[in-house]
Amino acid sequence: MDAVVGDGIKGLSASSDESEFESIASDTFSEETADLKSAKQTLVNLPLENYDDLESVSELVADDCAHVEGLKVSFSKVEHKSTKVERRSSSTEGQQLNDFVQDGTKKTIPSFPDENQYNNQQKAAKKEPLTWELVEMLQSELDQLRKSLRQPPSAKATIQKMIMGEEYLLERYRSKEDKLCLLDEAIAACDGNAITAVVLFLRSSTESRIFTRELVLRPAATEHYISYLRQHRLYEDLIWFLKVLGRTEEAAMLSYSAAVSNARSKQEKLSKMQQCYRDFFQSDVALATEAALIHDQINLLPSQLQIEEYDKKNAAQVFYLLPCKASVVGTSVITSLFYLCLYHYQSPENCMNSPQFLLKAHKLSEKQFQWTALRARSQLRNWKDIDKLFETKGFFGGIKMKPVMGFDRVVAFVSQMKAPREVLTRYCSLIDDVDKRLEVATRFRCHRTAIDTYTQQRDRLQLLRYVASLPQGQQDWTYGSDILKTSTIKWKN
């Protein structure tokens, strides 16, 4: 190994081929070991012409006590038309060989530190080189592919794919005419899913003005789009679209529904209702009736908030007797009236939580008030309040009981509420119509009222039949029998 590395090899010709390179290497390193000769032979056999794109190849031959452990050959960039081989020796790093090969093109040899990499390079060298004919063929195929992408398939074929559940690509339809043709084909196919998909594609790929104008001309597509927005709860888009279509009443009711149901807090609900009233109901004459109702509800909501806040701080005893199961906020005016009649019936009229204050503020009728108060006080079984509820002043200043709905309906209701027998009898006797009174008395077993009515009519035969229908020994049977025995009544039969 003393004479392994010389001063280098100089003056190699640019036209030298692989055989010449092998001859020079053999003459120069004739005294080297078998291991070094094997590494050198590997270097010689590398196919130079197949490594045009590499920048440099390096080979490092390390000498470890007369044994070669590795080989690394490095080739640097080819400049001008000269070939230069330089060999350097080192006691620790081995040898590095730089070779510049000139034949009109730059050629370099990659490094192969192991046998696997060398085998891979050998396989790559055997591949067919890239020719102009192959480039032209690939370019032609690419042009054909681009042309096919620019020209979408027929709209009918795409709709059929959508119906059959096959793969399709709507983005290939770029012009407005192609998109509208696709929409018309979907409508003609009467497939809702296809219509919705095309409408959404049209919305995302065209201007809003064009989209709205074209959709208005196609009622089927319009209804599918409205159904899609409603189903996905896209209320803002739906309300705007309905306003564009001129369906203001539907848009107004949808806006009101969204304001009532989608509010996250009570204050937000009030704010949304006020905004809805200003946007849709306040200036629309066709919605005057609905506007009045919504205006009343907006005025009612602050009162409900104050009432609920007051009840949280000042819980009355009635709340322990009959606990409140739901909040009064957001309920109707009749429900609010029922709540006040149930828990604040005795409040002064000038207080916001008084039933009379609510009655006047929202211009409720007397019939609405009496029915609601009757239901509320019946649940508490406060019959004295119900008596006072029906009291009215007569022509001569007297007080009499006369409900707006009629005592026959009052008897039917308090009977359902399990009112005492004396309450039923008292209300039944106040029915003005005699025939109606006898019918109600018989139906609800108000026996004393029926007996008194037959006595007032002086109909002894009917009284006998009625008393005979009663169980003997009961108080009502005894009462009727005593009347039949009296001689002061002048019977008509």
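Details of the structure are given in the entry above.
The following refers to the structure shown. Keep in mind the model is a prediction, meaning the values are calculated, not measured.

**Concerning the overall build of the protein**
The helix and strand inventory of the protein stands at 24 helices and seven strands. Contacts in the protein between residues at least 24 apart in sequence constitute 52% of all its contacts with a sequence separation of at least 6. Taken as a whole, the protein presents about 30500 Å² of accessible surface, with 50% of it coming from carbon and sulfur.

**Focus: the packing of aromatic side chains**
Throughout the structure, instances matching the rule amount to eight aromatic pairs. Aromatic pair tyrosine 454 and tyrosine 466: ring centres 6.0 Å apart, planes at 50°, arrangement tilted. Of this pair, tyrosine 454 sits in helix H22 (residues 447-456) while tyrosine 466 sits in helix H23 (residues 460-468), and the two are twelve residues apart along the sequence. Across the pair, exposure class does not vary: tyrosine 454 and tyrosine 466 are buried alike. Counting every residue linked through ring pairs, the aromatic cluster contains Phe211, Tyr225 and Phe241. Across the ring face of tyrosine 427, the terminal group of arginine 426 is positioned such that the distance to the ring centre comes to 5.4 Å. Above the face of the tyrosine 479 ring, arginine 448 is positioned so that its terminal group lies 4.2 Å from the ring centre.

**So, the pattern of salt bridges**
Within this structure, the stated rule accounts for 14 salt bridges. Across the pair arginine 218 and glutamate 214 runs a salt bridge, and its minimum N-O distance is 3.0 Å. Taking relative accessible area as the criterion, arginine 218 reaches 14% and is therefore assigned buried. By relative accessible area, which is 10% here, glutamate 214 ends up buried. Note that lysine 360 and glutamate 349 form a salt bridge whose closest N and O atoms lie 3.2 Å from each other. One end of the pair, lysine 360, is in helix H16 (residues 355-361); the other, glutamate 349, is in the loop between helix H15 (333-343) and H16, and eleven residues separate them in sequence. Where salt bridges share partners, they join Asp184, Arg213, Glu214 and Arg218 into one cluster.

**Some details on the environment of glutamate 366**
Structurally, the position occupied by glutamate 366 is in helix H17 (residues 366-379). Residue classification places glutamate 366 among the partly exposed residues on the basis of a relative accessible area of 40%.

**Focus: the side chain of aspartate 311**
Checked against the element boundaries, aspartate 311 lands in helix H13 (residues 288-313). Although aspartate 311 is buried, it forms no salt bridge, and the closest oppositely charged side chain is lysine 312 at an N-O distance of 10 Å. Within the local environment of aspartate 311, its side chain forms a polar contact with the side chain of histidine 344, the two groups lying 2.9 Å apart.

**Describing unusual backbone geometry**
One non-glycine residue, arginine 233, lies in positive phi territory at about 60°. Structurally, arginine 233 can be placed in the loop between helix H9 (219-231) and helix H10 (235-245). Note on arginine 233: relative accessible area 63%, which makes it exposed. With phi around 60°, lysine 418 is a residue other than glycine that occupies positive phi space.

**Side note on helix H11 (residues 248-261)**
If you check H11, its first and last C-alpha atoms are 20 Å apart, about what 14 residues at 1.5 Å a residue would give, namely 20 Å. Taken together, the buried positions of H11 are Ala251, Ala252, Leu254, Ser255, Tyr256, Ala258 and Ala259. Looking at the buried residues of H11, the elements they touch are H9, H10, helix H12 (266-281) and H13.

**So, a nonpolar patch on the surface**
There is a patch of nonpolar side chains on the surface, built from Leu134, Met137 and Leu138 and spanning about 250 Å² of accessible area. As for its position among the elements, leucine 134 is in helix H4 (residues 132-150). We classify leucine 134 as partly exposed; its relative accessible area is 31%.

**A short note on the nonpolar core**
Of all hydrophobic cores here, the largest spans 96 residues; its most connected members are Val199, Phe281, Leu374, Phe390, Val414, Tyr427 and Leu463. Residues contacting leucine 374, with those up to four places away along its chain left out, are Ile386, Leu389, Phe390, Phe413 and Val414.

**Notes on the packing of helix H19 (residues 407-416) against helix H20 (residues 421-429)**
Two elements in contact, H19 and H20, have axes separated by 8 Å at closest approach and are oriented at 165°. As far as their axial angle goes, H20 and H19 are roughly antiparallel. Of the two elements, H19 crosses H20, and the hand of that crossing is left-handed. On H20, the residues that touch Phe407, Val410, Val411, Val414 and Ser415 of H19 are Leu424, Tyr427 and Cys428. Looking at the contact of H19 with H20 residue by residue, the class counts come to seven nonpolar, one polar and no charged.

**Focus on a negative patch on the surface**
On the surface, Asp432, Asp433, Asp435 and Glu439 cluster together into a patch of negative charge. Tracing the backbone shows aspartate 433 in the loop between H20 and helix H21 (434-443).

Rules behind the numbers
- Residues numbered from 1 in each chain as written.
- Predicted model: local features only at pLDDT ≥ 70, side-chain atom pairs only at ≥ 80, totals over all residues.
- Heavy atoms only, no water.
- Helix = DSSP H or I, 4+ residues; strand = E, 2+ residues; numbered from the N terminus.
- Contact = heavy atoms within 4.5 Å.
- Areas by Shrake-Rupley, 256 points an atom, 1.4 Å probe, with all protein chains shown as cover.
- Phe/Tyr/Trp six-rings, centres within 6.5 Å; stacked < 30°, edge-to-face > 60°.
- Buried < 20%, exposed > 50% of the residue type's maximum accessible area, 1.4 Å probe, protein only.
- Lys NZ or Arg CZ within 6 Å of the ring centre and 35° of its normal.
- Salt bridge = Lys/Arg side-chain N within 4 Å of Asp/Glu carboxyl O.
- Lys, Arg positive; Asp, Glu negative; His and termini not counted.
- Polar contact = N/O pair within 3.5 Å; in protein donor to acceptor, adjacent residues only side chain to side chain.
- Expected span 1.5 Å × (residues − 1).
- Patch = residues over 30% accessible without salt bridge, like charges linked within 9 Å, V, L, I, M, F, W, Y side chains within 5 Å.
- Core = buried A, V, L, I, M, F, W, Y, C linked by side-chain atoms within 4.5 Å.
- Axes fitted to C-alpha atoms, helices over the stretch in contact; angles between N-to-C directions.
- Parallel < 35°, antiparallel > 145°, perpendicular 65-115°, else oblique.
- Left-handed = near helix turned anticlockwise from the far one by under 90°.
- Nonpolar A, V, L, I, M, F, W, Y, C, P; charged D, E, K, R; others polar.
- Charge placed at Lys NZ, Arg CZ, Asp CG, Glu CD.

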